[in-house]
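Structural features, examined
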Amino acid sequence: MNEPTNNKHTMKKSLLFVGLDVHAQNITIAVALAGEAEARLYGSITHDLHALEKVFAKLRKAHPGAELQVCYEAGPTGFVLARRLAQLKTSCTVVAPSLIPKKPGERIKTDRRDALKLARLHRAGELTAVHVPDASDEAMRDLCRARTDAVQDLRRGRAQLKAFLLRNGYRYTGKSAWTEAHQRYLRELVLAHPAQRVVLEDALTAIRTAGERIARLEEQMAALLVDWPMQPVVAALMGMRGFAQVGAMVLVSELGGAWRFAHPRQLMAYLGLVPTERTSDDKRRQGGITKTGNSHARWLLIEAAQHYRLSPKISQELSRRQQGLSADLKACSWKAQTRLHQRMRQLLARGKQRNKVTVAVARELTGFVWQIFQLMAPRMTQEQGAAVSAKGSRFGGN
């Protein structure tokens, strides 16, 4: 006896590609249906999540069974829209603006054209997505960048004060600036004109305020680190030479889950630490680093690379930071010290410029940072799974 045949056919969902040109006050929307020739402009709305949700509801009603594929450029409006669409189970791609294809003769740029272009290129699969960080990682990144801003304010205030005193013929002859002796010299300095005394006092107040702000932010960073899900990765990175608590927190907050990079060269390229190249026929020309991607993390790695000029050694401070770390993390840290110190000595012995040597060592240091993230990936996955299970049991989930 023959088995009954199933005449039901699975209907393939049609795709509706939606391009959003997002600004602070308004959002311009364009749509492109798979299979249609041209994208079409849908309209413009105010920058409001509820209004955008109503638009998506109308699009689903007008195209029954269609699956929305939304995209918009990364910009000053952040990732709030992408996270909201993720909550609504709507596919959303945040696009890298610098990697959007552009025609050489294209000279007109408007919101309407940008929205249509995004919808059309998204349908063609020619857009490059950026990583959307976790909300907690982005919050810690904002805190770390606030501390960096305070450090820059302190440096700027010190430089302005030194320039002001030099203009008026005052030079500090001590060994080191901004020590206790130098600050005592500044407090006891008597200037001739009352206006100069006002400038001096105001500069000293600004410098003191910036220093207090740095200390206050670092204290908050240490307090919030305990509850940050990426705390184990920060602790693992602190086992490397050149990464104290502040530096490790800044780098982890900037990179997020760096295990998303399949190879360390991808992380190096993301940080802009790979050389530019112009190769044609049998001629290959390489230049300086590309300096693309995350400039803040690149700067931090270059600063950390300078510590590897010293001979390999497990100092008392580094030994304290490595307490509780696994043997493979300690082995990675020691391998980084021996390899990078040797690499720096070799390049300097060949007569290479010190700044170029530091950047080259920072590029190799990026590979060891990637290895730290890879070693921590299984542990982070287990902890996240345990957290989800605990949350489900707490609220009656399965």
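This one's a predicted model, so the numbers in the text were calculated from it and none came from an experiment.

Backbone hydrogen bonds hold the strands of a sheet together, and the pairing may be parallel or antiparallel. Taken in spatial order, the 5 strands of this open sheet run β3-β2-β1-β4-β5, and their pairing is mixed. Unpaired on one side and paired on the other, β3 (40–46) and β5 (91–95) mark the two borders of the sheet. Between one strand axis and the next, the sheet turns through 25 degrees on average, direction left out of account. The sheet contact formed by strand β2 (residues 26–33) and β3 spans 6 bridges and is antiparallel.

For strand β1 (residues 15–22), the tally of buried residues reaches 7 of 8 residues, placing the bulk of the element in the interior. As paired elements, β1 and β2 share 7 bridges and run antiparallel to each other. Across the sheet, the residue bridging to Phe17 is Ala32, located in β2. In this structure, the hairpin formed by β1 and β2 is closed by a connection of 3 residues.

Glancing now at helix α1 (residues 49–62). Compared with the 20 Å implied by 1.5 Å per residue over 14 residues, the 20 Å span of α1 between its first and last C-alpha is a close match. Regarding α1, the residues found buried are Leu52, Val55, Phe56 and Leu59. Buried positions in α1, seen along its axis, are confined to an arc of 100 degrees and lie on one side of it. What points out from α1, more than 90 degrees from its buried face, is the exposed set His50, Lys54, Lys58 and Lys61. For α1, the secondary structure elements touched by its buried residues are β1, β2, β3, β4 (67–73) and α2 (80–87). The N-cap of α1, judged by a side-chain oxygen 3.2 Å from the amide nitrogen of His50 a few residues on, is Asp48.

Turning next to the nonpolar core. A general feature of soluble globular proteins is that nonpolar side chains tend to end up buried together. In terms of nonpolar packing, the biggest core is built from 69 residues, with Leu161, Met240, Phe243, Leu251, Leu255, Leu365 and Val369 touching the most fellow members. Looking at this core, the elements with two or more residues in it are α4 (135–167), α6 (194–225), α7 (231–237), α8 (245–255), α10 (295–305), α12 (327–349) and α13 (354–394). Sorting elements by how many residues they give to this core places α13 first, with 13 residues. Setting aside residues no more than four positions away along its own chain, Leu251 makes contact with Leu237, Phe243, Ala297, Leu300, Leu301 and Val369. Judged by nonpolar contacts, the second largest core, of 22 residues, contains Ile27, Ile45, Phe79 and Val94.

A separate point is α6. Taking 1.5 Å per residue as the helical rise, α6 with its 32 residues ought to reach 46 Å, and the 47 Å between its terminal C-alpha atoms agrees with that figure. For α6, the set of buried residues is Leu200, Ala203, Leu204, Ile207, Ala210, Ile214, Leu217, Met221 and Leu225. Contacts from the buried residues of α6 go to α4, α5 (180–187), α7 and α8.

Moving on: the pattern of salt bridges. One pass over the full model with this rule turns up 15 salt bridges. For Asp114, the salt bridge is made with Lys109, and the minimal N-O distance between the two is 2.7 Å. In this structure Asp114 comes out as buried when scored by relative accessible area, which is 10%. Across the pair Glu317 and Arg321 runs a salt bridge whose closest N-O atoms are separated by 3.8 Å. Remark: Arg321 and Glu317 occur in helix α11 (residues 316–321); sequence separation between them is 4 residues, near one turn of the helix. On the basis of relative accessible area, Glu317 is assigned to the partly exposed category, the value being 39%. Taking the relative accessible area as the measure of exposure, Arg321 reaches 14% and is therefore buried.

Here we come to the side chain of Gln337. By the element assignment, Gln337 lies in helix α12. By relative accessible area, which is 1% here, Gln337 ends up buried. Looking at Gln337, its side chain comes within polar contact range of the main-chain nitrogen of Lys313, at 2.9 Å. Apart from the residues within four sequence positions on either side, Gln337 is in contact with Arg241, Tyr308, Ser311, Pro312, Lys313, Ile314 and Leu318.

Orientation of α6 relative to α8, taken along the N-to-C sense of each, is 70 degrees, at an axis distance of 11 Å. Put simply, α6 runs roughly perpendicular to α8. In the crossing of α6 with α8, the sense of the turn from one axis to the other is left-handed. Between α6 and α8, the residues in contact are Glu218, Met221, Ala222 and Leu225 and Gln245, Val246 and Met249, respectively. Partitioned by chemical class, the residues of the contact of α6 with α8 number 5 nonpolar, 1 polar and 1 charged.

Pairing geometry for strand β6 (residues 275–280) and strand β7 (residues 283–289), over 5 bridges, is antiparallel. Bridging across to β7, Ser280 finds its partner in Lys283. Connecting β6 to the next strand, β7, in antiparallel fashion are 2 residues, including Asp281 with a positive phi near 55 degrees.

Cut-offs used in this document
As a convention, each chain's residues are numbered from 1 in the sequence order in which they are written. In view of the model being predicted, local features appear only for residues whose pLDDT reaches at least 70, and side-chain atom pairs are presented and counted only at 80 or more, with totals across whole chains, interfaces and linings using the full set of residues. The side-chain figures draw on all heavy atoms in the structure; neither hydrogens nor water molecules are used. Strands qualify as paired when DSSP identifies two bridges or more between them. Starting at the N terminus, helices and strands are each numbered in turn, a helix being any DSSP run of H or I of at least four residues and a strand any DSSP run of E of at least two. Angles here are taken between N-to-C directions and fall from 0 to 180 degrees, while the axes themselves are lines fitted to C-alpha atoms, restricted in helices to the stretch in contact. Here the term buried applies to any residue with accessible area under 20% of the maximum for its type, exposed to any over 50%, and partly exposed to those in between, with areas from a 1.4 Å probe on protein chains only. How far a helix is expected to stretch is found by multiplying one less than its residue total by 1.5 Å. Within this analysis, the arc is defined by the directions that extend from the helix axis to the C-beta atoms. Two residues form a contact once any of their heavy atoms are found within 4.5 Å. Any pair of N or O atoms that falls within 3.5 Å is considered a polar contact. Within protein, one atom must be able to donate a hydrogen and the other to accept it, and sequence-neighbouring residues count only if both atoms are side-chain atoms. Put simply, a nonpolar core is a bunch of buried Ala, Val, Leu, Ile, Met, Phe, Trp, Tyr and Cys residues held in one set by side-chain atoms that sit within 4.5 Å of each other. What makes a salt bridge here is a side-chain nitrogen of Lys or Arg within 4 Å of a carboxyl oxygen of Asp or Glu, nothing more. Throughout, the term roughly parallel applies to angles under 35 degrees, roughly antiparallel to angles over 145, roughly perpendicular to angles from 65 to 115, and oblique to all others. A crossing counts as left-handed when the near helix is turned anticlockwise from the far one by less than a right angle, and as right-handed when that turn is clockwise. Residues are sorted three ways: Asp, Glu, Lys and Arg are charged, Ala, Val, Leu, Ile, Met, Phe, Trp, Tyr, Cys and Pro are nonpolar, and all the rest, Gly among them, are polar.

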